[in-house]
Amino acid sequence: MVTISRAEYEAMQARLSGLEEQLRSKTEELAETLLKNQWLLENLKLTKKKLFGESSEQLDQMVIEKFGHLFNEAEGWDASSYEKETKVKSHTRKRRSGSIEDVIPDGTLTEVVEHRLPEKDRICHVCGTEMVEIGKEVHRSLQMKPAQFWVREDVYYTYACKDCERETGKAVVVSTPRKPSVLPGSYASPRAIAHIMTQKYVMHSPLYRLQQEFERQGLKLSRQTMSNWLLSVSDTWLKPIYDELHRKLCQENVLHGDETTLQVLRETGKSATSKSYMWLYRTSGCAEHSIVLYEYQEDRKAKHAEEFLDGFSGWLHADGYQGYHKLPERIRVVGCAAHARRKFDEALTALPKEQQQTSRAAEALCYFAKLFQLEQSFAELKPEERYTKRLEQAKPVLDALLAWANDLIPRTAPKSALGKALHYLKEQWPYLVRYLEDGRLELSNNRAERSIKPFVMGRKGWLFSNTPAGAQASAVIYSLIETAKENVLDPYRYLLWVLESAPAMALEGDAWAGMLTPANAPETCKIPKETQPNETNEY
């Protein structure tokens, strides 16, 4: 039997305690390293998906079936609601037969070119008599040519009375009234300016590319000249219409808002690489006439939204940006379920494929899928009926989702993708459920995201604005173009109508701008029904 002294025993206990402490420290360090490694892997998967993956966020049908027990309804999960094919609600899509009649609009000019045999080849090689036409074969083809340019000379004649001149020595002189110019002193025409605006702001072609295209056709029109035209026309003729639309926008009860970055090279007190912002405000689906307005600002401060919405009182759909929550009490912010859902979609994407179907993230996506499915079923209802149906059917789903999240939050690592999604959901919850307050409100802010997308696509082409004045001019032009598109107008024909009408109408009074809004555009500006774009899915 080995005996040890008390001093040796205490020394061994001290060493053992030290080893236990080291083990505990190493265990905590390993756990932290594993969490960090998981976080890095999640971010790597999300980055790869953003670069190379599909942009669709629709839920896999196998996941839906896995968590179908969440809702005790036999009809709760309708597989047809999640098919990849788009179902057109208002009409049956015509089958493309390959015929040219399926492509061209009604009234397209037809050029007839007849091909006949030369007279010497019409002689019958058997009997020598001239043959006669007995039939024909018609081949129809679509023809195109580059944009044309030409010079238009408006000649205004002057008239004099020769009798008065003979009798009194003074001739009565009358001149033909001159049509006011869109840009006095310039050779710019409404047609040329409308074409350049459409190419840049609808087709996303930068001015330097337009300059190159024109030069290939022999037209030496510099991008500086085109830029000056756009700035002058925007400030003189389009800005008053923009201001009129702004006034009408603030009279609505329900709006949507969003913002995105913009680079402005020559901004006072800022470097060329710093971020500026393009804010977007638009009407909701309940408005009689849609309005989409952009506003350039040098930063993302909440005061810009407050100033732009001066006079507005009602609901504003927005994402989770905290600046919107600092707006006055007269503006009630409605959260976006699509943003909250996207966090869980990212958490699902970050997981290995074999773990996705049984994950908590997939379970959350099923709750959101049910909410969006209900909204689709309520789409044709009146606002009052939709309000009642939401309280009966959507509110229980929301309550279940909140209870599920509250139970899971304490057991989930906050820095994991799922943890971030849960905390975002909990933080935004008071705003996410606010759409239950009125039947005119919407579950998501996708309406604003769809409207800001044309600007984002254009930014990829022309990259930046040179000056704040150019950025604001772009905001005005984008506003009129996107508002025209929302009102089913062809942007080019609408801009041409405005630029041809405004100079003369401005001479008659100050109310001209209100008469040139997209809501008052003539039928000639409208897109034919058969070529109108289809409605996009909610998510």
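1. As for the nonpolar core
Residues Ile193, Met197, Val233, Leu238, Ile241, Tyr294 and Tyr494 are the most contacted members of the largest nonpolar core, which totals 74 residues. Among the elements that line this core, the one with the most residues is helix H6 (residues 223–249), at ten residues. If we skip the residues at most four places from it in the chain, Val233 touches Val182, Leu183, Ile193, Met197, Leu238 and Leu499. Within the second largest apolar cluster, 40 residues are counted, among which are Phe368, Ala405, Tyr424 and Leu432.

2. Digging into helix H15 (residues 491–506)
The end-to-end C-alpha distance of H15 is 22 Å, a good match for the 22 Å that 16 residues give at a rise of 1.5 Å each. For H15, every residue scored as buried is listed here: Pro491, Tyr494, Leu495, Leu496, Trp497, Val498, Leu499, Ser501, Ala502, Pro503 and Met505.

3. Topic: the confidence of the model for the protein
Here the protein shows a mean pLDDT of 87. Residues at 70 or above account for 87%. Every residue in residues 73–86 scores below 50 in pLDDT, and together they form 26 contacts with partners more than four places removed in sequence or on other chains.

4. Thoughts on unusual backbone geometry
Across the chain, the bulk of peptide bonds are trans and the bulk of non-glycine residues have phi less than zero. Positive phi is not limited to glycine here, since Leu463 has a value of about 70°. Relative to the helices and strands, Leu463 is located in the loop between helix H13 (446–462) and helix H14 (468–486). For Val488, which is not glycine, the phi torsion reads 60° and is therefore positive. With respect to the helices and strands, Val488 occurs in the loop between H14 and H15.

5. Looking at the pattern of salt bridges
Throughout the structure, instances matching the rule amount to 26 salt bridges. Glu244 is the salt-bridge partner of Lys248, the closest N and O atoms lying 4.0 Å from each other. Taken as a pair, Lys248 and Glu244 lie in helix H6 at a separation of four residues, close to a single helical turn. Assessed through its relative accessible area of 18%, Glu244 is described here as buried. The salt bridge partner of Arg440 is Asp438, with a shortest N-O separation of 3.0 Å. On the basis of relative accessibility, which here comes to 25%, the residue Arg440 falls in the partly exposed class. Salt bridges here are not isolated pairs; linked through shared partners, they connect Glu114, Arg116 and Glu133.

So, how was this worked out
- Residues numbered from 1 in each chain as written.
- Predicted model: local features only at pLDDT ≥ 70, side-chain atom pairs only at ≥ 80, totals over all residues.
- Heavy atoms only, no water.
- Core = buried A, V, L, I, M, F, W, Y, C linked by side-chain atoms within 4.5 Å.
- Buried < 20%, exposed > 50% of the residue type's maximum accessible area, 1.4 Å probe, protein only.
- Helix = DSSP H or I, 4+ residues; strand = E, 2+ residues; numbered from the N terminus.
- Contact = heavy atoms within 4.5 Å.
- Expected span 1.5 Å × (residues − 1).
- pLDDT = per-residue confidence, 0-100.
- Salt bridge = Lys/Arg side-chain N within 4 Å of Asp/Glu carboxyl O.

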